[in-house]
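What follows is each chain in one-letter form.
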Amino acid sequence: TGGTAKVAGYAAGDILANTVTLQGGSTVAGSLTTTSTTTPLVISGGVNVGGTGEVICSNSSITVSGGSQVVNGTLYSQGDVTIDGGATVNGDIYAKGSVTVSGGSTVNGNIHSQSSVSLTSANIGSSSVKRYIYAGGTVTATGGSTIYVDIHSQTNIALQNITVYGNMYAKT
């Protein structure tokens, strides 16, 4: 767990390393865990990760970017989570830091953040499956986002130019 794993191609099992480098077009059909507290886990460049029941864990932050990115599984981050560039996450997100979903990206799962949640041109849930956002901080949604969620914030909820199919609960 102290070394680096470099993936170029197809890996049919789980990966546990201090840091992981994923070459464009690679697939990891298992769980992925990084133990570095300083190096973020970045999933981009046409990489597909996970599967049913799989987990993606980082002791730092996680970034998933790019339209062809598909992550299937639950994301756990000790830092921030950023989903952008049209990426898709089919699973729940748990973050100690903030969660940002933008650029036409989609999350088909619940979002749990001990900090804030920011959605810009994002899609959360679907008309057939409603999801939940739980945030210790403010939930902000702008830029034409369509979200099928119940929003629970320990502080504030700020919405502008979006469509929400669900309930909102802000603790003040």
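Residues numbered from 1 in each chain as written. Predicted model: local features only at pLDDT ≥ 70, side-chain atom pairs only at ≥ 80, totals over all residues. Heavy atoms only, no water.

J.: Please explain the sheet that holds strand β17 (residues 117-120) as it appears in this structure.
T.: Two pairing modes exist for strands in a sheet, parallel and antiparallel, and in both the strands are linked by backbone hydrogen bonds. Ordered by their spatial adjacency, seven strands build an open sheet running β7-β9-β11-β14-β17-β20-β23, and the pairing between neighbours is parallel. Only two strands of the sheet have a single partner each, and these edge strands are β7 (41-43) and β23 (157-159). Neighbouring strand axes in the sheet, compared pairwise and without regard to direction, differ in orientation by 5° on average. Bridge analysis of strand β11 (residues 81-84) against strand β14 (residues 99-102) gives three bridges, and the strand direction is parallel. Opposite T82, over in β14, you have T100 as the bridge partner. (Pairing = 2+ DSSP bridges. Helix = DSSP H or I, 4+ residues; strand = E, 2+ residues; numbered from the N terminus. Axes fitted to C-alpha atoms, helices over the stretch in contact; angles between N-to-C directions.)

J.: Sorry if this is basic, but what is going on with the environment of A87 here?
T.: Mapped onto the fold, A87 is located in the loop between β11 and β12 (88-90). Look at A87 and you get buried, because its relative accessible area is 0%. Taking C-alpha positions, A87 is 12 Å from V49, a pair spaced 38 residues apart along the chain. (Buried < 20%, exposed > 50% of the residue type's maximum accessible area, 1.4 Å probe, protein only.)

J.: Would you mind showing me how to read the pattern of salt bridges here?
T.: Opposite charge on two side chains allows them to pair when their charged atoms are near. This structure, assessed with the given rule, holds one salt bridge. For D150, the salt bridge goes to K130, with nearest N and O atoms at 3.2 Å. Of this pair, D150 sits in strand β22 (residues 149-153) while K130 sits in the loop between β18 (123-124) and β19 (131-135), placing them 20 residues apart in sequence. Residue class for D150 comes out buried when judged on its relative accessible area of 7%. Given a relative accessible area of 40%, K130 falls into the partly exposed group. (Salt bridge = Lys/Arg side-chain N within 4 Å of Asp/Glu carboxyl O.)

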